[in-house]
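# Coordinate analysis (summary)
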Amino acid sequence: MTKEEIRKIAEEEDIAFIRMQFTDIFGQLKNVAITRSQLEKAMDNQIMIDGSSIEGFARIYESDQYLRPDLDSFQIFPWRPQKGKVARFICDVYNPDGTPFAGDPRNVLKTELAKAAEKGYTFNVGPELEFFLFSTDENGEPTTTTSDEAGYFDLAPLDRGSDTRREISLLLEKMGFEIEASHHEVAKGQHEIDFKYGDALKTADNIMTFKLTVKTTAQRNGLHATFMPKPLEGVNGSGMHTNMSLFKDGKNIFFDPTDERQLSKEAYQFIAGILHHMKSMAAVTNPTVNSYKRLVPGYEAPCYMAWSTSNRSALIRIPAARGASTRVELRCPDPSTNPYLEFALCLAAGLDGIEKQMEIPAEETSNIFAMTEEEREAHGIESLPGSLHEALKEMKKDPLIREVLGEHVYRQYLAGKYKEWDEYRTSISEWERRRYMITY
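The following refers to the structure shown. (Residues numbered from 1 in each chain as written. Predicted model: local features only at pLDDT ≥ 70, side-chain atom pairs only at ≥ 80, totals over all residues. Heavy atoms only, no water.)

Turning our attention to the overall build of the chain. Assigned secondary structure in the chain consists of 12 helices and 17 strands. Its C-alpha atoms give the chain principal-axis dimensions of about 65 × 60 × 45 Å. Sequence-distant contacts in the chain: of pairs separated by 6 or more residues, those separated by 24 or more amount to 69%. Accessible area for the chain stands at about 20300 Å²; split by element, carbon and sulfur atoms hold 48% of it. Computed over 53 positive and 69 negative side-chain charges, the inter-centroid distance for the chain is 2 Å. (Helix = DSSP H or I, 4+ residues; strand = E, 2+ residues; numbered from the N terminus. Contact = heavy atoms within 4.5 Å. Areas by Shrake-Rupley, 256 points an atom, 1.4 Å probe, with all protein chains shown as cover. Lys, Arg positive; Asp, Glu negative; His and termini not counted. Charge placed at Lys NZ, Arg CZ, Asp CG, Glu CD.)

This is the structure we're talking about:
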């Protein structure tokens, strides 16, 4: 979009406020709101923020940073008032000297995409986000209760979240999303809405918009939406399966009709690269203490490092579609991940596999969940890290992670996550009180 087009839309649509949105290194959406009178200033990259107030962004003596809006991201929020409307820009963060801020996750992804483009590659991603809808109490605070009795693919009246899910889908379509499917998931109160794949940067932006829309719509309907990976014991958690493909000269290079699986050598090498770096990527793909409560056997979440063309117990699955739709599905990420960092690492790991011509392990066709530990060892199947602490230790072993994230994000991310782990390990849970208070 041009500045003139945006000016015209702002006037004709009676836009009163514009939210200048950006994402911190831990995947939290931030914004500065301006009135329409400041639109020209915003489009001239003159809106300033105090980066020292944002965890992991900048130190107090280097706090001034500027927001540069992506003009193509200009969008009106359809849930806001129709008089005095609210729009948004998705922004990149820059230093006062005009250089990109090293701590901006969007810049991390753009850097990796530029490296891939130099080799002729375009990276496309399609996410599958799951979330829970819970009731709120008399004070509007979230609970873990739901009146929803539905299960996988059930419909109303069992699926009592269907109206909210429908409203979310329609609002997203008004914002330019192509909604491919929406349905009830396995657990009570759990839902999934899938939107069309796109280039990695656009998709990461869309994930942030998707989360905002889901949470806002739920709140308007007296519900609380959460993307917490495992909010309830004894039921499935929420994942964000990540479907990836590489294009070159307009063709999907993962497809080879002459191969027995119709997969190219680049596809196999890409998978090998992901598997090689997966343990060290886990602290980003599954970034919270709670993430590892989901990655346990028995609840469909993959915790074993294998690949297959059909086996859903494997970490990486190749869906049946071929031709231009050939793709690699990574099944461990959850929706608490920072999508900019996740996509950057997945791309770098996959390309590392291609460049080094890594050998892929044998396809695993057996149900890995049903295997004993000895059987998994015999098949050469390793496990993902079992906790955030283990994942952080693995992250520190891999120089690729440091290179992709950059020194600033790498150090700040580790510091923030170790702080989170320390808070968790020193807290006393209700389980501990129930287990030990009387016994000891």
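Right, let's get into the packing of aromatic side chains. Scanning the model with the defined rule gives 16 aromatic pairs in all. Ring centres of phenylalanine 131 and phenylalanine 227 lie 5.6 Å apart, and the angle between their planes is 50 degrees; on these two criteria the pair is classed as tilted. Of this pair, phenylalanine 131 sits in strand 6 (residues 121–135) while phenylalanine 227 is found in the loop between strand 10 (223–226) and strand 11 (240–248), placing the two residues 96 residues apart along the sequence. Accessibility assignment for this pair places phenylalanine 131 and phenylalanine 227 in one class, buried. Counting every residue linked through ring pairs, the aromatic cluster contains Phe131, Phe177, Phe195, Phe210 and Phe227. (Phe/Tyr/Trp six-rings, centres within 6.5 Å; stacked < 30°, edge-to-face > 60°. Buried < 20%, exposed > 50% of the residue type's maximum accessible area, 1.4 Å probe, protein only.)

Note that serine 245 resides in strand 11. On the accessibility criterion, serine 245 (7% relative accessible area) is buried.

All right, on to the pattern of salt bridges then. Overall, the coordinates contain 24 salt bridges when judged by the stated rule. For lysine 85, the salt bridge goes to glutamate 13, with nearest N and O atoms at 2.5 Å. One end of the pair, lysine 85, is in strand 5 (residues 85–94); the other, glutamate 13, is in the loop between helix 1 (3–12) and strand 1 (15–23), with 72 residues separating them in the sequence. Put simply, arginine 261 and glutamate 260 hold a salt bridge, and the shortest N to O gap is 3.9 Å. With a relative accessible area of 24%, arginine 261 lands in the partly exposed category. (Salt bridge = Lys/Arg side-chain N within 4 Å of Asp/Glu carboxyl O.)

On the surface, a nonpolar cluster with roughly 430 Å² of combined accessible area is contributed by Trp431, Tyr436 and Tyr440. With respect to the helices and strands, tyrosine 436 occurs in helix 12 (residues 430–436). Its relative accessible area of 37% is what places tyrosine 436 among the partly exposed residues. (Patch = residues over 30% accessible without salt bridge, like charges linked within 9 Å, V, L, I, M, F, W, Y side chains within 5 Å.)

This part covers the nonpolar core. By size, the foremost hydrophobic cluster in this structure holds 95 residues, and its most contacted members are Phe123, Phe210, Leu246 and Ile316. In contact with phenylalanine 210, not counting residues within four places along its chain, are Leu129, Phe131, Leu172, Phe177, Ile193, Phe195 and Phe227. Ranked by size, the runner-up nonpolar core spans 22 residues in total, among them Ile18, Ile47, Phe74 and Phe89. (Core = buried A, V, L, I, M, F, W, Y, C linked by side-chain atoms within 4.5 Å.)

Closest axis-to-axis distance for the helix 6 (residues 265–285)/helix 11 (residues 399–425) pair is 12 Å, and the angle between their directions is 30 degrees. With respect to helix 11, the element helix 6 is oriented roughly parallel. Judged by the sense of rotation from one axis to the other, the crossing of helix 6 with helix 11 is left-handed. Note on element contacts: helix 11 touches helix 6 through Leu400, Ile401 and Tyr413, opposite His277, Ser280, Met281, Ala283 and Val284. (Axes fitted to C-alpha atoms, helices over the stretch in contact; angles between N-to-C directions. Parallel < 35°, antiparallel > 145°, perpendicular 65-115°, else oblique. Left-handed = near helix turned anticlockwise from the far one by under 90°.)

Before going further, it helps to examine the sheet that holds strand 2 (residues 29–35). An order of 2-1-5-4-3 is seen for the five strands of this open sheet, with the pairing classed as mixed. Bordering the open sheet on either side are strand 2 and strand 3 (47–50), each of which pairs with just one other strand. Averaged over neighbouring strand pairs, the angle between their axes works out to 40 degrees when direction is ignored. Looking at chain direction, strand 1 and strand 2 are connected through seven bridges and run antiparallel. Looking at the pairing, phenylalanine 22 lines up with lysine 30 of strand 2. (Pairing = 2+ DSSP bridges.)

In this section: helix 3 (residues 105–118). Taking 1.5 Å of rise per residue, 14 residues should cover 20 Å, and helix 3 covers 20 Å from first to last C-alpha, within 8% of that figure. The set of residues buried in helix 3 consists of Pro105, Arg106, Asn107, Val108, Leu109, Glu112, Leu113 and Ala116. Looking at where helix 3 begins, the residue whose side-chain oxygen comes 3.2 Å from the main-chain nitrogen of arginine 106 is aspartate 104. The positive-phi residue at the C-terminal boundary of helix 3 is glycine 120, with phi of around 90 degrees. (Expected span 1.5 Å × (residues − 1). Polar contact = N/O pair within 3.5 Å; in protein donor to acceptor, adjacent residues only side chain to side chain.)

Moving on to unusual backbone geometry. Although it is not a glycine, aspartate 249 sits at a positive phi angle of roughly 55 degrees. Examined against the element boundaries, aspartate 249 turns out to sit in the loop between strand 11 and strand 12 (251–252). Backbone geometry at glutamine 357 places phi at a positive 50 degrees, although glycine is not the residue there. Its place among the elements puts glutamine 357 in the loop between helix 8 (339–355) and helix 9 (373–378).

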